[in-house]
Number of protein chains: 2
Amino acid sequence: MAFLGYTHEQLPKWVKKVEQFPVVLYILKWVLIGTLVGGLTGIGSALFLWGLHWATEWRGGHQWIIFALPAGGFLIGACYHYLGQSVVKGNNQLLDEITKPNRIIPLKMAPLVTVATIATHLFGGSAGREGTAVQMGGAIADQFTKIFKLDKYDRKILIITGIAAGFSSVFGTPLAGAIFGLEVYIIGRMRYEAIFPSFFTAIVANYATHHVGHYFGISHTEYLIPTEVIPEMTLENLLLCVLAGVAFGLTGMLFSKANHFWGNLFKSKISYPPLRPVIGGLVLAIFIVILNFNHGFDYANYDLKYFGLGVPVIVDSFTTQMDWYDFLMKTLTTSFTLGAGFKGGEVTPLFYIGSTLGSFLSTHISLPVALLAGMGFVGVFSGATNTPMACTMMGIELFGAPSAVFIAVACITAYMFSGHTSIYNSQIVGSPKH
Amino acid sequence: MAFLGYTHEQLPKWVKKVEQFPVVLYILKWVLIGTLVGGLTGIGSALFLWGLHWATEWRGGHQWIIFALPAGGFLIGACYHYLGQSVVKGNNQLLDEITKPNRIIPLKMAPLVTVATIATHLFGGSAGREGTAVQMGGAIADQFTKIFKLDKYDRKILIITGIAAGFSSVFGTPLAGAIFGLEVYIIGRMRYEAIFPSFFTAIVANYATHHVGHYFGISHTEYLIPTEVIPEMTLENLLLCVLAGVAFGLTGMLFSKANHFWGNLFKSKISYPPLRPVIGGLVLAIFIVILNFNHGFDYANYDLKYFGLGVPVIVDSFTTQMDWYDFLMKTLTTSFTLGAGFKGGEVTPLFYIGSTLGSFLSTHISLPVALLAGMGFVGVFSGATNTPMACTMMGIELFGAPSAVFIAVACITAYMFSGHTSIYNSQIVGSPKH
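K.L.:
How would you summarise the overall build of chain A if you had to cite specific residues and measurements?
P.N.:
Check the secondary structure of chain A and you find 17 helices and 3 strands. In terms of overall size, chain A behaves like a compact globule, its C-alpha atoms giving a radius of gyration of 21 Å where 434 residues would be expected to give roughly 22 Å. Expressed as lengths along the three principal axes of its C-alpha atoms, the size of chain A is roughly 80 × 55 × 45 Å. Evaluated residue by residue, chain A yields a buried proportion of 66% over its 434 residues. Of the contacts formed within chain A by residues at least 6 apart in sequence, a portion of 78% connects residues at least 24 apart. Here chain A displays about 15,200 Å² of accessible surface, and carbon together with sulfur accounts for 67% of that area.

What follows is the structure, encoded as structure tokens:
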């Protein structure tokens, strides 16, 4: 199967004569690879979303399980310590392999992170899902490096397609996924070497998830910014958007810093890795009990709004104004959960943090609550990951084109104000922000 | 007014201590500059659109004016030869000043190109308007280099904001305009140094045009891809989109090559520049008479569908299937008109070429005619200018989010297949396409 591993130099002269002939080969090659990577990742995402749905539902009916958080933590920690040393760096490992190729990502990254994420959610940790899908996509994609004997240059494109496929399919936003893949490994630039493979694969993956998910009764959540509430983009509203964007950017930075803080603290204080999520789980369980002080040990009535994925709260924040502390609480629970070694992504919590913050800001900034929630939803994510174009596109795919200008200004301003930190340590700085 | 001309080094130490403080200054600076550049360019665009509207209407009622094409050509040619030697390179001059800064763009670029474009349309030449608006924006923007004593780095950002403002306001697509400014000067990359200024200015400009245009009864044309005709993005439809994208890309390249061909031919055969549009105008007038052979010299009934902006034909192509030669005829008339030295942009003709081609393809590619017309509308433009992200965003802003995936695949595939040629000679290649 070395037929896909050709380099441009190896092509016959007559093929190179017309500029489009090598492009035809390039397109056929990536249509084939993209269909495989996108199809497999999309099916994987559907199964993952189904597992996540099951875990969240089950926890809802069996809230006693939060007391088992330390045990769940040990399972996850031990799994990674004894089976997953080579894949523990997760998303950063993928970004490193794009910028500093070293060795093929082991396929076991995919099942390990999927199971560990579902476990994290089952036991009530606060985490997301994009990291999981992205790692699944990246690990699946990289297996084709060997199969098709691809060179370094193609392998970089391949990993980007995996990231794009994972992101696209887990959120149902193919264009944002594709742009995320192109944008995430380098701050301040977008390079187009992988533009066709990335978009093609992301679209295939989204289609696969959509269809397989259909069988399992899984669909993506819909968020609504009603067109009729969206005001005109006057100069005044534009400045209000910038102001909100500043808040989103600083919050994105806060989240990144909190993530690194807890991660470093656990690493420096507890040298045996499997013990970290045990202690972390214990603290989380105690914290949940304290938060539900008025319910005593009547765990069935515990309010777990700051734990798990938190999708219902996100949906509510588009219609109801949230409290000023909601976004801070979610920042705390998520950064602590992930810092302790539980698994999952950061993006859905970032949506939560952003939409509750935006929703709260509607008291101080005279824009509609749904619009501010939507702007925050993608804005904080843009600040924490330095991917303003992917976030703008995500806003458009989720909320529609009418709010696009508001979304874009929020995402770009947040990007400007989040500094050169990021939830991904392995992002390299391509261009300074100012 | 040198207060905006500071460099990062000149800032006091305490400002540089917190990463966000210099960003606040940066944002304030570009909010101020962006409001000025965007406001002025937006007002200019509104007046330009009004002039264009008047010229098109007037020609409709006085079709004899096409016989005066050689005279109109002489006026334009002489104007540029005697008054506009320093601004005759147009769009390429702006791109050159971004990548190889040399000297401030004379303000007269703005009125010269505006008047010359309106004259071109009045006499019945086939041309567009984006070049005009972009040159107006760029020339206005660059005047602030002196006023605010900006350095080279800021000047580059400034010109980008001017381009973004012009594009945004003339088409009513602020996000596409902003991305176009970031994307157009270098093939295969998007750099974010100017991301905030570009978006801010583009949005202000669009707002200004919208409001000033309102007074003159000018509004942007609306194109419709009905949501209910848009099919699901299955693997089969995805491959059909790629196929259509190939056609759009090759057509974009054909347009670029035809443009350069006529331009070079006129330059090599006629050494006195004002004579070129005279001869060109004569040929165009004869061509129009031949095309309307059946009407003899009954010019009031002449069909001028391949001349002027051609917006009505674009609108029709979304509902009616066009002939296979429509896009070729428009390619010929536009490349000839511009090559002869008439003025105007290339983008509206590219919309025409793309949407008529897409519309025609609906016989061979089983996708709805409106969708194919929309895909072609931005797809050929993407191929001819190598700006796939701006074109995708433009499709979303004009046709809405539901068709976004189809639009994106068409634009990106067209970009892949148009080679490394471009209607802008001054674009530099940042990354090869494959």
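K.L.:
So what about the packing of aromatic side chains? Which residues, and what values?
P.N.:
A complete count under the given rule lists 52 aromatic pairs over all chains for this structure. When the centroid spacing of 6.5 Å and the interplanar angle of 70° are considered together, the rings of F180 of chain A and Y424 of chain A count as edge-to-face. Placement of F180 of chain A in helix 8 (residues 174-183) and of Y424 of chain A in the loop between helix 17 (404-417) and strand 3 (428-429) is noted, with a sequence separation of 244 residues between them. Take F180 of chain A and Y424 of chain A: they sit in the same class, and that class is buried. With a centroid separation of 5.4 Å and an interplanar angle of 85°, the aromatic rings of F377 of chain B and F399 of chain B are classed as edge-to-face.

K.L.:
Quick rundown of the domain arrangement of chain A? Include the residues and the values.
P.N.:
Residue and element names in this part refer to chain A. The domain boundaries assigned to chain A delineate domain 1 (2-215) and domain 2 (227-429). Contacts between domain 1 and domain 2 engage 51 residues on the former and 55 residues on the latter. Area buried by domain 1 at its contact with domain 2 is led by Q63, S126 and I187, which between them contribute 17% of it. If you look at where domain 1 meets domain 2, you find 25 residue pairs in polar contact (both at pLDDT 80 or more). For the side of domain 1 that touches domain 2, the secondary-structure elements that each account for two or more residues are helix 2 (20-61), helix 3 (69-83), helix 4 (91-99), helix 5 (109-123), helix 6 (130-147), helix 7 (152-171), helix 8 and strand 1 (186-187). Tallied by class, the residues present in the side of domain 1 that touches domain 2 amount to 27 nonpolar, 19 polar and 5 charged.

K.L.:
Summarise the relation of the copies chain A and chain B; cite the residues concerned and give the values.
P.N.:
Superposing chain A onto chain B takes a rotation of 180° combined with a translation of 0.0 Å along the rotation axis, leaving an RMSD of 0.0 Å. Expressed as an axis order, the relation between the two copies is that of a two-fold axis. Residue by residue, 97% of the interface of chain A is reproduced at the interface of chain B, so both copies engage with the same surface.

K.L.:
An account of unusual backbone geometry is requested, with residue identities and associated values reported.
P.N.:
Backbone geometry at K149 of chain A places phi at a positive 50°, although glycine is not the residue there. Even without glycine at this site, N386 of chain B takes up a positive phi of about 60°.

K.L.:
Give me the interface of chain A and chain B: which residues, what numbers.
P.N.:
By a widespread convention, an interface's size corresponds to the accessible area lost as its parts come together. Residue-level contacts link 62 residues of chain A with 60 residues of chain B. Between chain A and chain B, the buried area comes to about 5,200 Å², and carbon and sulfur atoms account for 75% of it. By the criterion of area lost to chain B, the three top residues of chain A are Q20, Y192 and H434 of chain A, representing 14% of everything that side buries. Viewed at the interface, chain B and chain A are joined by 0 salt bridges. Where chain A touches chain B, the interface holds 9 residue pairs in polar contact (both at pLDDT 80 or more). Elements represented by at least two residues in the side of chain A that touches chain B include exactly helix 2, helix 8, strand 2 (189-191), helix 9 (195-215), helix 10 (235-269), helix 16 (388-399) and helix 17 of chain A.

K.L.:
Can you lay out a nonpolar patch on the surface for me, pointing to particular residues and giving the numbers?
P.N.:
Residue and element names in this part refer to chain A. There is a patch of nonpolar side chains on the surface, built from F74, Y82, L83, Y272, L275, I279 and V283 and spanning about 640 Å² of accessible area. For the nonpolar patch, the elements supplying multiple residues, two or more each, are helix 3 and helix 11 (275-291). Structurally, L275 is set in helix 11. Given the relative accessible area of 37%, L275 is considered partly exposed.

K.L.:
With reference to specific residues and values, describe the side chain of T41 of chain A.
P.N.:
Within the fold, T41 of chain A resides in helix 2. The contacts of T41 of chain A, once residues within four sequence positions are left out, are A133, M136, G137, I140, A165, G166 and S169 of chain A.

K.L.:
Talk me through the packing of helix 11 of chain A against helix 13 (residues 326-339) of chain A; I want residue IDs and the actual numbers.
P.N.:
How two helices pack is summed up by the angle between their axes together with the distance between the axes. All names here are of chain A. Where helix 11 contacts helix 13, the two axes come as close as 10 Å, and the packing angle between them is 155°. Comparing their axes, helix 13 and helix 11 come out roughly antiparallel. From helix 11, G280, V283, L284, F287 and L291 reach across to helix 13, where they touch M329, L332, T333, F336 and T337. When the residues that make up the contact of helix 11 with helix 13 are grouped by side-chain class, the tally is 7 nonpolar, 3 polar and no charged.

K.L.:
So, the pattern of salt bridges: which residues are in play, and what are the values?
P.N.:
Summed over all chains, the structure comprises 14 salt bridges over all chains. E97 of chain A is paired through a salt bridge with R155 of chain A; the nearest N and O atoms lie 3.1 Å apart. Remark: R155 of chain A occurs in helix 7 and E97 of chain A occurs in helix 4; sequence separation between them is 58 residues. Summarising the burial analysis for this pair, E97 of chain A and R155 of chain A share the class buried. A salt bridge links K89 of chain B to D96 of chain B, with the nearest nitrogen and oxygen atoms 2.5 Å apart. Take D96 of chain B: its relative accessible area is 13%, and that puts it in the buried class.

K.L.:
I'd like a description of the environment of S403 of chain A, backed by residues and values.
P.N.:
Residue and element names in this part refer to chain A. As for its position among the elements, S403 is in the loop between helix 16 and helix 17. For the pair formed by S403 and Y82, sequence separation is 321 residues and the distance between their alpha carbons is 48 Å. Those residues in contact with S403, other than ones at most four positions away along the chain, are I225, I230 and L371.

Definitions and limits used
Residues numbered from 1 in each chain as written. Chains lettered and ligands numbered in written order. Predicted model: local features only at pLDDT ≥ 70, side-chain atom pairs only at ≥ 80, totals over all residues. Heavy atoms only, no water. Helix = DSSP H or I, 4+ residues; strand = E, 2+ residues; numbered from the N terminus. Rg over C-alpha atoms; globule rule 2.2 N^0.38 Å. Buried < 20%, exposed > 50% of the residue type's maximum accessible area, 1.4 Å probe, protein only. Contact = heavy atoms within 4.5 Å. Areas by Shrake-Rupley, 256 points an atom, 1.4 Å probe, with all protein chains shown as cover. Phe/Tyr/Trp six-rings, centres within 6.5 Å; stacked < 30°, edge-to-face > 60°. Domains from an automatic or database assignment. Buried area = accessible area lost by both parts, 1.4 Å probe. Polar contact = N/O pair within 3.5 Å; in protein donor to acceptor, adjacent residues only side chain to side chain. Nonpolar A, V, L, I, M, F, W, Y, C, P; charged D, E, K, R; others polar. Least-squares fit on C-alpha atoms with pLDDT ≥ 70 in both. Salt bridge = Lys/Arg side-chain N within 4 Å of Asp/Glu carboxyl O. Patch = residues over 30% accessible without salt bridge, like charges linked within 9 Å, V, L, I, M, F, W, Y side chains within 5 Å. Axes fitted to C-alpha atoms, helices over the stretch in contact; angles between N-to-C directions. Parallel < 35°, antiparallel > 145°, perpendicular 65-115°, else oblique.

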